[in-house]
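Report on the structure
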Amino acid sequence: HSSAASDVYKRQTLRFVADGVATYLRPGAILAVSVNGHYLDIRHLTEDRVACLTVRKSLAVILTELPGDVFVKIHRSHIVNLHYVQRLKKGKRQYAVKLLHLDAALPVSRSNLPQVLARLEQTS
């Protein structure tokens, strides 16, 4: 981790507009981003609870806005913040990532697995 990158991660805010209302989130507060039809569900921490912000944006676009050293695409429908990954678990047919603060595990696609494993090793 370069210190400049981690400073940006803590300080920089991203602007999201949902229903005409602008919301500003620090990347460090974002747990995961998931596709929901033509929208994205951004699960993030507000004080001690997880909130969900739904915005009209593509996963490809938000991936360019999030700090690449911290966020990784684990599936065509999911991006996770590596700082919140509790564990990677292997199911019968695929891997899944368990995140702190989230009950449900998110699937990891086979094509993304090598990159996810490499990135988890870097951050641990």
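Quick note: structure is the one above.
Here goes a summary of the coordinates provided. (Residues numbered from 1 in each chain as written. Predicted model: local features only at pLDDT ≥ 70, side-chain atom pairs only at ≥ 80, totals over all residues. Heavy atoms only, no water.)

1. Regarding the overall build of the protein chain
Counting secondary structure elements, the protein chain contains three helices and 10 strands. Counting from the amino terminus, the protein chain carries its helices and strands in the arrangement α-β-β-β-β-β-α-β-β-β-β-β-α. A globule of 124 residues ought to have a C-alpha radius of gyration of about 14 Å, and the protein chain, at 14 Å, matches this closely. Classification of the 124 residues of the protein chain by burial places 41% in the buried group. For the protein chain, the share of sequence-separated contacts (at least 6 apart) that also reach a separation of at least 24 residues comes to 41%. When the accessible surface of the protein chain is summed, it comes to about 7400 Å², and 50% of that surface belongs to carbon and sulfur atoms. Charge centroids of the protein chain, computed over 18 positive and 9 negative side chains, lie 9 Å from each other. (Helix = DSSP H or I, 4+ residues; strand = E, 2+ residues; numbered from the N terminus. Rg over C-alpha atoms; globule rule 2.2 N^0.38 Å. Buried < 20%, exposed > 50% of the residue type's maximum accessible area, 1.4 Å probe, protein only. Contact = heavy atoms within 4.5 Å. Areas by Shrake-Rupley, 256 points an atom, 1.4 Å probe, with all protein chains shown as cover. Lys, Arg positive; Asp, Glu negative; His and termini not counted. Charge placed at Lys NZ, Arg CZ, Asp CG, Glu CD.)

2. Thoughts on the sheet that holds strand β3 (residues 30–36)
Reading across the sheet, the five strands line up as β5-β4-β3-β7-β6 and stay open at both edges, with antiparallel pairing between neighbours. Among the strands making up the open sheet, the edge pair consists of β5 (49–55) and β6 (71–75). The sheet shows a mean angle of 20° between the axes of neighbouring strands, taken without regard to direction. In terms of strand pairing, β3 meets strand β4 (residues 39–46) through six bridges, oriented antiparallel. Paired with S34 across the two strands is D41, which belongs to β4. (Pairing = 2+ DSSP bridges. Axes fitted to C-alpha atoms, helices over the stretch in contact; angles between N-to-C directions.)

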